Amino acid sequence: MRKDNDRFDDTGNEIPNAGWGAEDLRTLSDEAFANAGVGNIVYVREVLAGDLVSEFGNEIDVPADTVLYSVHAANGERMAVLDNRDAAFAGARQYDLEPVSVH
């Protein structure tokens with residue numbers, strides 16, 4: 001099936017896509033955009049323990065103002081929470097993921 005953004009040469013053969021064009025990105029679903037080309041990238045950000053109480057309840061037994069480090073997939077899903085930034089980065093790399101810092 002031919003799409004509007006398919007490209008064809010003079011003989012009618014499809015021209016392979018050499019990269020993402022602006023029109024291609026506009027047609028992606030939110031999920032596809034979140035996963036485009038970033039399958040192994042995760043992001044690490046600081047989070048206060050108190051902000052996690054509603055999600056983890058009594059599992060986090062530290063003062064509410066304790067700084068923790070949350071590891072997220074590209075789509076925003078939280079994968080882990082650690083008490084040390086270096087450990088968060090090392091843990092991600094252990095699973096062949098590329099951690100980046102978010103502020």
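Before reading on, note that the structure itself is shown above.
Read on for a plain summary of the structure.

Cut-offs and rules
- Residues numbered from 1 in each chain as written.
- Predicted model: local features only at pLDDT ≥ 70, side-chain atom pairs only at ≥ 80, totals over all residues.
- Heavy atoms only, no water.
- Salt bridge = Lys/Arg side-chain N within 4 Å of Asp/Glu carboxyl O.
- Helix = DSSP H or I, 4+ residues; strand = E, 2+ residues; numbered from the N terminus.
- Pairing = 2+ DSSP bridges.
- Axes fitted to C-alpha atoms, helices over the stretch in contact; angles between N-to-C directions.
- Contact = heavy atoms within 4.5 Å.
- Buried < 20%, exposed > 50% of the residue type's maximum accessible area, 1.4 Å probe, protein only.

Things to note about the pattern of salt bridges
All told, the structure shown has 1 salt bridge when counted by the stated rule. Residues Arg78 and Glu55 are paired through a salt bridge, measuring 2.2 Å at the closest nitrogen-oxygen approach. You can see Arg78 sitting in strand β3 (residues 78-82) and its partner Glu55 sitting in helix α3 (residues 53-56), a full 23 residues away along the chain.

Here's the deal with the sheet that holds strand β1 (residues 41-48)
Strands sit in the order β3-β2-β1-β4 across an open sheet of 4 strands; the sheet is mixed. What marks the edges here is a single partner per strand, and that holds for β3 and β4 (98-101). Averaged over neighbouring strand pairs, the angle between their axes works out to 30° when direction is ignored. Pairing geometry for β1 and β4, over 4 bridges, is parallel. Counted as the bridge partner of Val44 is Ser101 from β4. Together, β1, β2 (67-73), β3 and β4 form the strand contacts of helix α4 (residues 85-94), whose direction differs from that of β4 by roughly 150°.

Thoughts on the environment of Asp86
By the element assignment, Asp86 lies in helix α4. C-alpha separation for the pair Asp86 and Tyr69, spaced 17 residues apart in sequence, amounts to 9.3 Å.

Concerning the pairing of β2
A regular strand places its side chains on the two faces of the sheet in alternate fashion. Of all 7 residues in β2, 6 are buried, a share of seventy percent or more. Judged from the 7 bridges that link them, β1 and β2 form a sheet pairing that is antiparallel. Among the inter-strand pairings, Leu48 is bridged to a residue of β2, identified as Val67. Two elements, β2 and β3, share 4 bridges in a ladder whose sense is antiparallel. The residue bridging His72 from the neighbouring strand is Arg78, located in β3. Here β2 folds back onto β3, and the loop between the two strands holds 4 residues, one of which, Gly76, carries a positive phi near 95°.

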